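The chain contents come next:
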Amino acid sequence: MNRTTLSLIAGTTALAAVTGFAALSAPDAPGTDTAAKAAAQLPVERTSLVCPAPSTSDLAETSYTSFTPVTKGAGSGGKAELRAATEESADAPADGKDESTGEDEGKSGKDKPAEPVLTPKEPGKPVTGDSSGGDAPALVGTADGRFAPGWTVQETTEVAAGTGRGLLGVNCTAPDTDFWFPGASTDADRTDYVHLTNPDDSAAVVDIELYGKGGALKSAVGEGITVGPHSSEPVLLSTLTDERQTNLTVHVNVRSGRVGAAVQALDDKIGGDWLAASADPSGSLVLPGIPKDATSVRLVAFTPADADADLKVRLASPSGLITPAGHETVHVKGGMTTAVDLGDVTRGEAGSLVLTPTDRSVPVVAALRVVRGKGDKQETAFIPAGRPVGTRATSADNSGKDSTLSLTAPRAAATVKVTASAGSEGGTPVSKTYTIKAGTTQDIEPPVPGGLKGTYAITVQPVSGGPVYGARTLAANEGGVPAFTVQTLPDDRGTVAVPQADEDLSVLQK
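No experiment lies behind these values; they were computed from the predicted model shown.

1. What about the packing of aromatic side chains?
- According to the stated counting rule, one finds 4 aromatic pairs in the structure shown.
- Taking the centre distance of 6.3 Å and the plane angle of 15° together, the rings of Phe179 and Phe181 count as stacked. Assigned by exposure class, Phe179 and Phe181 land together as buried.
- One aromatic cluster in this structure is built from Trp180, Tyr211 and Phe302.
- The aromatic ring of Phe484 is capped on one face by Arg372, whose charged end is 5.1 Å from the ring centroid.

2. Considerations on the sheet that holds strand S33 (residues 430–436)
- Read across the sheet, 4 strands follow the order S29-S36-S31-S33 without closing on themselves; strand pairing throughout is antiparallel. The open sheet terminates on both sides in strands that have one partner only, identified here as strand S29 (393–398) and S33. Across this sheet, the average inter-strand angle for adjacent strands is 25°, counted without regard to direction.
- Where strand S31 (residues 414–420) lies against S33, 7 bridges are found, and the strand directions are antiparallel. Across the sheet, residue Thr419 finds its bridge partner in S33, namely Ser431.

3. Some words on the state of the cysteines
- Applying the stated criterion across every chain yields a total of 1 disulfide.
- There is a disulfide in this structure between Cys51 and Cys172, and the S-S distance comes to 1.4 Å. Here the disulfide of Cys51 and Cys172 is right-handed, its torsion about the S-S bond being about 110°. Here the residue Cys51 occupies a position in strand S4 (residues 46–51), and Cys172 occupies one in the loop between strand S10 (166–171) and strand S11 (178–184), the gap between them amounting to 121 residues.

4. A few points about the sheet that holds strand S28 (residues 379–384)
- The 4 strands lie next to each other as S25-S21-S27-S28, forming an open sheet whose pairing is antiparallel. The strands lining the two open edges of the sheet, one partner per strand, are strand S25 (337–343) and S28. The sheet shows a mean angle of 20° between the axes of neighbouring strands, taken without regard to direction.
- In terms of strand pairing, strand S21 (residues 296–302) meets S25 through 6 bridges, oriented antiparallel. The residue of S25 that forms the bridge with Phe302 is Thr337.

5. Focus: the pattern of salt bridges
- Considering all chains together, one arrives at 12 salt bridges under this definition.
- In this structure, Asp207 engages Arg255 in a salt bridge whose closest nitrogen and oxygen atoms are separated by 2.9 Å. Linking Asp207 in strand S13 (residues 204–212) with Arg255 in strand S17 (residues 248–256), this pair joins segments that are 48 residues apart in sequence.
- When salt bridges that share partners are traced, they join Lys79, Glu81 and Arg83 into one network.

Definitions and limits used
- Residues numbered from 1 in each chain as written.
- Predicted model: local features only at pLDDT ≥ 70, side-chain atom pairs only at ≥ 80, totals over all residues.
- Heavy atoms only, no water.
- Phe/Tyr/Trp six-rings, centres within 6.5 Å; stacked < 30°, edge-to-face > 60°.
- Buried < 20%, exposed > 50% of the residue type's maximum accessible area, 1.4 Å probe, protein only.
- Lys NZ or Arg CZ within 6 Å of the ring centre and 35° of its normal.
- Pairing = 2+ DSSP bridges.
- Helix = DSSP H or I, 4+ residues; strand = E, 2+ residues; numbered from the N terminus.
- Axes fitted to C-alpha atoms, helices over the stretch in contact; angles between N-to-C directions.
- Disulfide = S-S within 2.5 Å.
- Salt bridge = Lys/Arg side-chain N within 4 Å of Asp/Glu carboxyl O.

Here you go:
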């Protein structure tokens, strides 16, 4: 597969938040016939993303895939680009002079604006890039015009040996101010970092809180962490506390500014992966896409509420909702992290975990640690509680093999359209329609573009029925180790609801 080679300087992780500009109209005067009109879904006009630095291993091989779906009404202009977070990327003097000294920037010690490391050419066709080694930085990126709606970037890293060896994958995400990561650890075998990436021109101030099985862990150094403009800070969790905890919940709270956040969880014995943020605290959660050959599944849950949460545990299998024997419910104490080992809960079939309140609803966050393989040939990945596919979800970096798309309809049957894009080096888009029965999970081999060359993207669009949740699994064989990584498929934020009226106003919506 041909890819554009990224320099080590320009290599890894910061893309930022999705921000949509749309035209709104002023409300009509009271009593007029058009005072209230239905909201329209319009394409967003600007998007930003951030990705974490992929690895510190000299053996790391990282690929990036950028993709924007073709979106009706998106217009014809615009661009998308990714730059290294460690490079000056905005507001540099046009003449290359330092404004304070009048000298060339190179002579004054300042870097010139970084060249983009990945620049998509057109919607509907992925663009790829590669980086090798452990010096690749975080990346920050923006997209506007026709490149903004649904812009998606996937970062995938293969590490041949050492701590965290295996396949690590993460979707570059929108910057925000609040993140929950159940499933982290400060255990002796784990090396977990929370990566904080600031895409903006001013510094961000961040607090990191840790919650174990007994409640909040004492840590003074987790408060007031400064993340400079256009920079990224990896924070080793074991430096924030003296306590060794096998299962932790990490809360990233941004006091000022905004950041992208992800946890890199590396294990000395069973590989590692990226732990993405859980869906916002909710009384009911869906954790989609457990691989059917999972040998061990651990549920980690936390409630930030003062009250305890009692949750009904069910598995959405290919034949319907079933209750795992011996794990009918889970009790989560307020402010404390709870972990439950579910074993090989899928028993060789596709599955998604569905958590619902047994009585009153208490907000909860949750994630799964999933293990494939046995003995010294094990590999780990994480599945956080996901958000629904919504209007459309997008998954980049698919190769035509070793990719599995898992879809679940926990409440009502649903019909979805799945489209494989053109390939990065050639190929013709293909679409197929699938029906997911109520309460079931269906693993499907994604459609492959005709005449595929390179890598391709997948979009999932609900056609009818109840809400759908999804995940995409990438797999690879690394010296007999069943390496894999799982990314959930939330709405790609390609459109924004805009009330219709008569007079145009420029409104910013996140």
